[in-house]
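# What the coordinates show
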Amino acid sequence: MNDKKVRVRFAPSPTGGLHLGGVRTVLFNYLFAKQNGGDFIVRIEDTDQTRFVEGAEEYIFETLKWCGLQPDESPLHGGAYAPYRQSERKENYRQYAEQLVKDGKAYYAFDTAEELDAKRKEIANFQYNHATRVGLKNSLILGEEETQKLLAENVPHVIRINLPDNEEVKFTDMIRGEVSFNTTQVDDKVLLKADGMPTYHLAVVVDDYLMKITHAFRGEEWLPSAPVHILLWQWLFGLENMPQWAHLPLILKPDGNGKLSKRDGDRLGFPTFAMDWKDPKSDEVATGFRERGFLPEAFVNMLAALGWNDGSGQEIFTMEELVAKFNIDRVHKGGAKFDYEKAKWYNHEWIKKTNSEDLIKPVAKILYEHQIPILGVKKITIINQSEAITIEKPNNNLEPFKPLYFQFELAWIKQIIDLIKDRCTLLTDFVNQSSFFFHTPDTISINEFRSKWDEKKQLFFNELVRTYELSILWEATDLETSFKESAAAHNLKPGELMLPLRIMLVGGKFGPGVFDIAAIIGKEATVERIKHVLKLLTA
RNA sequence: GGAGCGUUGGUCAAGGGGUUAAGACACCUCCCUUUCACGGAGGAAUCACGGGUUCGAUUCCCGUACGCUCUACCA
């Protein structure tokens, strides 16, 4: 068993956007597979046709792509065990269910939904099990002849597992150690539905066997139904072929208790989906981490830390490091409350850590999406949502740009990113932190200094304009030197003059060093912005 | 209700019979910065409770409490 190639699977239902917890399950699967030189398989569990949602499957694959968690086998990527959609493997399941009936490990049940509902109302904690099935309509009670008759008449029926009475079912969970259940506590789950489709319980077991899955990671919410799966393995394929189970801790809501849900995110103002998800029925859009301005590296890093810790104190991990260091033994048993502030901290760390060159495309894309007119950029093409964009430089001398913007080149954007990335937590922060580099500030908080404005300052700035206009050198240090010299000549403290200058250039009390900004936006824009505010002040 | 699983600061967590019980986020103070951030230095704050076992329990055992998950012809 140990020399078998590691094969893990992520088995989502295409019922909507991919939630944080789902992506984390993928991550742990992926890390474990890659660490062991194994394969990561994505199998679509679409056995419930009533819950099918248009676009959900595509969304899942786009999310995986964005996160850098590419499957080795999937309906999209193909593989030796195709098809990878359970709806396309329908014929596989019935035979196993029938086999179980033949072996006495399962039985036909003809009870209608209404009859079962009535039972549930009548009996407090109704379970379809050893004790109650006597009073119900199933092949165990009806007998061979009656059963065959009903079957021949095509009476709608399901196949249920025939759980033994009062038997201990034990297994070893990779995270929790030995776990055991008594069969009296679990009910005779439906294996094959009336429509001929398997339920999850039958489908996972059959497909995990057929696809030679060696390790199965899933959320803790599956723990109570594990005994059904264990028994099915025992009866159908042998325990020695069963994958090793690992039930992952839940991700909890930040306030109160319970599983984190999309509603909590809406309520508290943070995303819970990886990427924007538009519900095709309601047209409602749930915002995703991607659109909120997260770097995929940061998103993945943050997810890895939700339930796992390598014990060294290291917090920032690249995917390669995660693959190398991930260890299932160090996954926690208890759930963790999601902390959006910490999530943003990861993003901030990643923005600081990422080379400015590598940030150009995502930043340009964000600016473009926020309609910052990047003059000088001839064309920004968005190939598709997850794809990087391409930027073309203009053939200068064509458009009637203001002189400043002729300086545009990628190196210019990189310079800006270098200057501001420390103060950007989300990619979207680049919009506010950089817009004044590209165009005159929309609003100028002139009142920040107006009350302290006087003739002396007016004169100083008038002269500064002349000095800057004549200046040949345009480096931040030169600008600062001439600024200070001029201030001294006017008998003014530079301190009282820098705030007005800042506000003239950027519009408010924020941003990097003023002279750095002036150096980057260039002579013409600097002079023009000062003059503009000077005019406002005298008006 | 039942079953299962869990419980170290406000949150994420390291540790695991004898420690000043790491670190991170958030919070507070100060420094740096003639803006805002970044950064740096400090601070406050914790082993759910009760019994054992032990010379000694946060750590091991048993209870209790609390929380969560499941209890569908959903996954």
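Quantities reported herein were computed from a predicted structural model and do not represent experimental measurements. (Residues numbered from 1 in each chain as written. Chains lettered and ligands numbered in written order. Predicted model: local features only at pLDDT ≥ 70, side-chain atom pairs only at ≥ 80, totals over all residues.)

## Some remarks on the overall build of chain A
Scanning chain A from N- to C-terminus turns up 21 helices and 15 strands. Here chain A has a C-alpha radius of gyration of 32 Å; the compact-globule value for 539 residues is 24 Å, and the former is much larger. C-alpha extents for chain A along the principal axes are approximately 110 × 50 × 45 Å. Evaluated residue by residue, chain A yields a buried proportion of 36% over its 539 residues. (Helix = DSSP H or I, 4+ residues; strand = E, 2+ residues; numbered from the N terminus. Rg over C-alpha atoms; globule rule 2.2 N^0.38 Å. Buried ≥ 20, exposed ≤ 12 C-beta atoms within 10 Å, placed from the backbone.)

## What about the pairing of strand β9 (residues 244-248)?
Side-chain positions along a regular strand alternate between the two faces of the sheet. As paired elements, strand β8 (residues 215-219) and β9 share five bridges and run parallel to each other. The residue bridging arginine 218 from the neighbouring strand is histidine 247, located in β9. Crossover connection from β8 via helix α8 (residues 226-236) to parallel β9: handedness right-handed. (Pairing = 2+ DSSP bridges. Right-handed = clockwise from strand over helix to strand, strands pointing away.)

## A short note on the protein's contact with RNA strand B
Gly334, Ala336, Pro494, Gly495 and Lys509 are the nearest of the 61 residues found near RNA strand B. Going through the elements one at a time, α4 (113-122), β6 (177-182), β13 (336-337), α13 (340-353) and α20 (494-506) are the ones with two or more residues in the surface near RNA strand B. Looking at which element gives the most residues to the surface near RNA strand B, the answer is α20, with five residues. In terms of residue class, the surface near RNA strand B is made up of 21 nonpolar, 20 polar and 20 charged. (Near = placed C-beta within 6 Å. Nonpolar A, V, L, I, M, F, W, Y, C, P; charged D, E, K, R; others polar.)

## Things to note about the nonpolar core
Grouped together as the largest cluster of nonpolar side chains are 121 residues, with contacts concentrated most on Leu27, Ala97, Leu202, Ala274, Phe299 and Leu303. Ignoring any residue separated from it by four or fewer positions in sequence, one finds alanine 97 in contact with Ala106, Ile159, Leu191, Leu192 and Leu202. (Core = buried A, V, L, I, M, F, W, Y, C linked by C-beta atoms within 7 Å. Contact = placed C-beta atoms within 7 Å.)

## Description of the packing of helix α18 (residues 455-470) against helix α19 (residues 476-489)
As a packed pair, α18 and α19 sit with axes 10 Å apart at the nearest point and diverge in direction by 145°. Once α18 is placed against α19, the crossing between them reads as right-handed. The residues of α19 that touch α18, namely those facing Phe460, Glu463, Leu464 and Thr467, are Ser482, Phe483, Ser486 and Ala487. (Axes fitted to C-alpha atoms, helices over the stretch in contact; angles between N-to-C directions. Left-handed = near helix turned anticlockwise from the far one by under 90°.)

## Describing the environment of aspartate 266
Relative to the helices and strands, aspartate 266 resides in helix α9 (residues 262-268). Sequence separation between aspartate 266 and alanine 286 is 20 residues; the distance between their C-alpha atoms is 8.2 Å.

## What to know about the packing of helix α1 (residues 20-35) against helix α11 (residues 296-304)
Two numbers describe how α1 lies on α11: the axes approach to 10 Å, and their chain directions differ by 85°. Classified by the interaxial angle, the pair formed by α1 and α11 is roughly perpendicular. Touching Leu20, Val23, Arg24 and Leu27 of α1 are Val300, Leu303 and Ala304, all from α11. Considered class by class, the residues forming the contact of α1 with α11 number six nonpolar, no polar and one charged. (Parallel < 35°, antiparallel > 145°, perpendicular 65-115°, else oblique.)

## Observations regarding unusual backbone geometry
Following alanine 82, the chain continues to proline 83 via a peptide bond in cis, the omega torsion being -5°. One can find proline 83 in the loop between α2 (56-67) and α3 (90-102). In this model, asparagine 154 sits at a positive phi of 60°, which is unusual for a non-glycine residue. Counting through the fold element by element, asparagine 154 comes out in the loop between α6 (144-152) and β4 (158-161). The class of asparagine 154 is exposed, set by 7 C-beta atoms lying within 10 Å. Of note, aspartate 283 is a non-glycine position whose phi angle comes to about 65°, a positive value. Tracing the backbone shows aspartate 283 in the loop between β11 (277-278) and β12 (285-286). On the basis of neighbour counts, which here come to 7 C-beta atoms within 10 Å, the residue aspartate 283 falls in the exposed class.

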